[in-house]
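# Observations on chain architecture
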Amino acid sequence: MEPFERYRPIIDDFEAFLEACRRPLGTAVRVNTIKASVDRTIAVLEETGVAYEQADWNPRVLTLETDSPGSTWTSFHGFTYGQEEVSAVPAGVLDPQPGERVWDACGAPGGKTTQIAALMDDQGTVVANDNNLGRLSALRFNAERLGATSLAVTNQDARNFSMKPFDFDSFDRALVDAPCSCEGTIRKNPDALEDWSEDHLHSVAGIQKGILRRAIQTTREGGTVVYSTCTFAPEENEAVVQHALETESCEVVDFDLALEHSSGLESWDDEEFDSSLENAARIYPHQNDTGGFFVAKLEVTA
Amino acid sequence: MAGERSEGDDERASETPESGELEENVGYRFDRLPATADERRVEGRASREEVIEYFHDRFGIPPETFDEYTFWEKGAGKIWVYAGEAPSPIEIEAIGMTCLRTRQEHWKPTTDAVQRFGPYATDCVIELSREEARAFTDGQDQELEWDGDWGYLIAAHEIGVEPEGRPGRDGDAVEGGKLEPLGVGLYVHGELQSVVPKGRQRSVSDAR
Ligand SMILES: C[S@@+](CC[C@H](N)C(=O)[O-])C[C@H]1O[C@@H](n2cnc3c(N)ncnc32)[C@H](O)[C@@H]1O
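For the structure given in this document, a descriptive report is provided here.

### Some details on the overall build of chain A
Counting its regular elements, chain A contains nine helices and 15 strands. On C-alpha atoms alone, chain A measures out to a radius of gyration of 19 Å, which is about the 19 Å that the 2.2 N^0.38 rule sets for 302 residues. Going through the 302 residues of chain A one by one, you find that 64% of them count as buried. Within chain A, contacts between residues separated by at least 24 positions form 73% of all contacts whose residues are at least 6 apart in sequence. Summed over all atoms, the accessible surface of chain A reaches about 11,100 Å², with 40% contributed by carbon and sulfur. Distance between charge centres in chain A, computed from 24 positive and 52 negative side chains, equals 7 Å.

Shown next as structure tokens:
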């Protein structure tokens, strides 16, 4: 946990934060409403003797009392998908509507892609992209198990994503759930910090900036882009959004979030960020007993 | 692909076309199915009408179930069902979900399509007990009584439904019927063979 020392000045109750990072995480699943309602899913869990707890901020997020969530009837039927509680936040902030065109720039293995499809009642077009073919095959497998029929799956580098395969030229919304240093997954993956270095943060930040810019460019005026990571490093979060503000036509907008969280930072090291970055959310493990996440919502202005 | 049994993207499409006007199927891209056989341009390609008829004739799935969907072929005979927008042809990795294997004597629906659209089925649905369902899900073949047609059946069981039926208050996914489809089985000679693809098989453990 050495690398986390740099966050001592920005995290309230830093000791509680460190303590939470050391605790393993429960088994969370998201109810896949493409195939079953929350009620139906709960009825199956009850009938088959799987104890569960429903998240108060999102009725579709359940914590199961089982070590093998993949061997439950709800999983086999595609009623549930194993997804960390906090990772259900970005798709909700994106708020996609049935019939829209949505781009999931970094989609694999498909947790948020299928959540987007479910929020759209599986109606509309969700372009699920990833540059990693192996991970994309996991996405396809998961999407079929969950019965998502609204996905078009592409294998491109999101930084210079081409709209050429399609006959529309912009999206209504885009999600950039970026590749990152994954600091916030430490509770699920204790090795998460093994390869940690500042150089690494800076090199992924370059990729993140490229993907976010492309997402803004491919989204129509008035459309929404959500940027998220599962990391705490401001270099990969506020600094990436700041770069987008400086280079593309967009603004950071406010959103409601029923989970406890902290505001985005206004500065880090010697860099100042636009005051609108306050509207971004930093979710720390000790706040809701989850993993860590960063989410910013942008509106495209031209 | 996650090893469906009897997969094999064989090159049936390269058989000599019966009519000189028909083009060969192109294996690396998605082509939208023609509405009817009359509009067919590619040798051996199923039409939208035939696909919908198949699901209706064999399983009683109402044709209007598919009103908002398009059907596509990629590879020899693999049919995909899609709810979104796309031009035809299109070269991408996947479009919607695979739903049916055509270009063989007995068309075969996929497990995932049967789970997705099977709740609307009324025919060729074999009801399994929980024990039988568990064996089926685990990929086991089993001897079972069945009075109906032989061939591909939808294996289903009752789960999470109270006697009076439990409606999905916040979704409509359960409206079709009380039985929940597990997947596709092949019924021949008194035996139901599970054709759940290897990667989809599970040893489901019930606490109760
Ligand atoms: C945090 S993961 C996405 C998780 C996914 N959104 C989900 O909810 O299941 C980041 C993904 O970005 C992909 N990726 C990395 N660089 C990329 C690039 N330049 N273009 C597109 N995808 C990229 C990785 O392969 C990885 O699958």
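### Some thoughts on the sheet that holds strand 3 (residues 78-82) of chain B
One open sheet accounts for five strands, arranged 1-2-3-5-6 (chain B); its pairing is antiparallel. The open sheet terminates on both sides in strands that have one partner only, identified here as strand 1 (31-32) and strand 6 (108-109) of chain B.

### Looking at empty space enclosed by the protein
Evaluation of the coordinates by the stated rule reveals one cavity of 30 Å³ or more. Size it by volume and the largest cavity reaches roughly 70 Å³. In terms of lining, the largest cavity is formed by L139, R140, A143, E144, A148, L151 and V153 of chain A together with W80, A94, G96 and M97 of chain B. Breaking the lining of the largest cavity down by element, the ones donating at least two residues are helix 6 (133-145) and strand 7 (151-154) of chain A.

### Considering the interface of chain B and chain A
Contacts between chain B and chain A engage 52 residues on the former and 44 residues on the latter. Of the roughly 4,100 Å² buried between chain B and chain A, counting both surfaces, carbon and sulfur atoms make up 52%. Of all residues in chain B, E85, E93 and R116 of chain B bury the most surface against chain A, accounting for 15% of the area lost on that side. Our count for the chain B to chain A interface comes out at four salt bridges. Its salt-bridge partner being E47 of chain A, residue R130 of chain B comes within 2.9 Å of it at the nearest N-O pair. For the pair chain B and chain A, the interface holds 22 residue pairs in polar contact (both at pLDDT 80 or more). Contributions of two or more residues to the side of chain B that touches chain A are made by strand 3, strand 4 (94-95), strand 5 (97-101), helix 2 (111-117), helix 3 (130-137), strand 9 (151-158) and strand 10 (179-188) of chain B. Counted by class, the side of chain B that touches chain A contains 24 nonpolar, twelve polar and 16 charged residues. Of the strand pairs in this sheet, strand 7 of chain A and strand 4 of chain B are connected by two bridges, and their pairing is antiparallel. Its bridge partner lying in strand 4 of chain B, V153 of chain A is registered against A94 of chain B.

### A word on the pairing of strand 15 (residues 293-300) of chain A
Residues and elements named next belong to chain A. Most of strand 15 sits out of view: seven of its eight residues are buried. Where strand 9 (residues 219-229) meets strand 15, six bridges bridge the pair, whose relative direction is antiparallel. Bridge assignment links V225 to a residue of strand 15, and that residue is L298. For strand 14 (residues 281-283) and strand 15, the ladder comprises three bridges, and the chain directions are antiparallel. Bridge pairing in strand 15 links I283 to F293.

### Remarks on the environment of L175 of chain A
All names here are of chain A. Note on placement: L175 falls in strand 8 (residues 171-177). As a C-alpha pair, L175 and A91 span 84 residues in sequence and 7.6 Å in three-dimensional space. Apart from the residues lying within four places of it in its own chain, the contact partners of L175 are P90, L94, W103, D104, A105, C106, K112, I116, V226 and S228.

### Side note on the nonpolar core
If you look at the biggest cluster of nonpolar residues, it comprises 96 residues, and the most contacted ones within it are F4, F17, V89, W103, L212 and V241 of chain A together with I95 of chain B. Discounting residues that sit within four places of it in the chain, I95 of chain B has contacts with L151 of chain A together with F30, W72, W80, V81, Y82, A86 and I90 of chain B. Listed in part, the 46 residues of the second largest apolar core include A36 of chain A together with I79, A83 and C99 of chain B.

### A few points about the pattern of salt bridges
Following the criterion strictly, the structure yields 26 salt bridges over all chains and no others. The residue E198 of chain A makes a salt bridge to R6 of chain A at a minimum N-O spacing of 3.7 Å. Residue E198 of chain A is found in helix 7 (residues 198-217), and its partner R6 of chain A is found in the segment before helix 1 (14-22); the two are separated by 192 residues along the sequence. By relative accessible area, which is 16% here, R6 of chain A ends up buried. The residue D112 of chain B makes a salt bridge to R200 of chain B at a minimum N-O spacing of 3.0 Å. Here D112 of chain B, found in helix 2, pairs with R200 of chain B, found in the segment after strand 11 (191-194); they are 88 residues apart in sequence, far enough to count as distant. Take R200 of chain B: its relative accessible area is 3%, and that puts it in the buried class. When salt bridges with common partners are traced through the structure, they connect R29, D31, R45, E73 and R103 of chain B into a single cluster.

How each quantity is defined
Residues numbered from 1 in each chain as written. Chains lettered and ligands numbered in written order. Predicted model: local features only at pLDDT ≥ 70, side-chain atom pairs only at ≥ 80, totals over all residues. Heavy atoms only, no water. Helix = DSSP H or I, 4+ residues; strand = E, 2+ residues; numbered from the N terminus. Rg over C-alpha atoms; globule rule 2.2 N^0.38 Å. Buried < 20%, exposed > 50% of the residue type's maximum accessible area, 1.4 Å probe, protein only. Contact = heavy atoms within 4.5 Å. Areas by Shrake-Rupley, 256 points an atom, 1.4 Å probe, with all protein chains shown as cover. Lys, Arg positive; Asp, Glu negative; His and termini not counted. Charge placed at Lys NZ, Arg CZ, Asp CG, Glu CD. Pairing = 2+ DSSP bridges. 1 Å grid on protein atoms, 1.4 Å probe; cavity = no way out; pocket = protein on both sides within 12 Å on 5 of 7 lines; lining within 4 Å. Points joined across faces, edges and corners; volume = space filled by probe spheres on them. Buried area = accessible area lost by both parts, 1.4 Å probe. Salt bridge = Lys/Arg side-chain N within 4 Å of Asp/Glu carboxyl O. Polar contact = N/O pair within 3.5 Å; in protein donor to acceptor, adjacent residues only side chain to side chain. Nonpolar A, V, L, I, M, F, W, Y, C, P; charged D, E, K, R; others polar. Core = buried A, V, L, I, M, F, W, Y, C linked by side-chain atoms within 4.5 Å.

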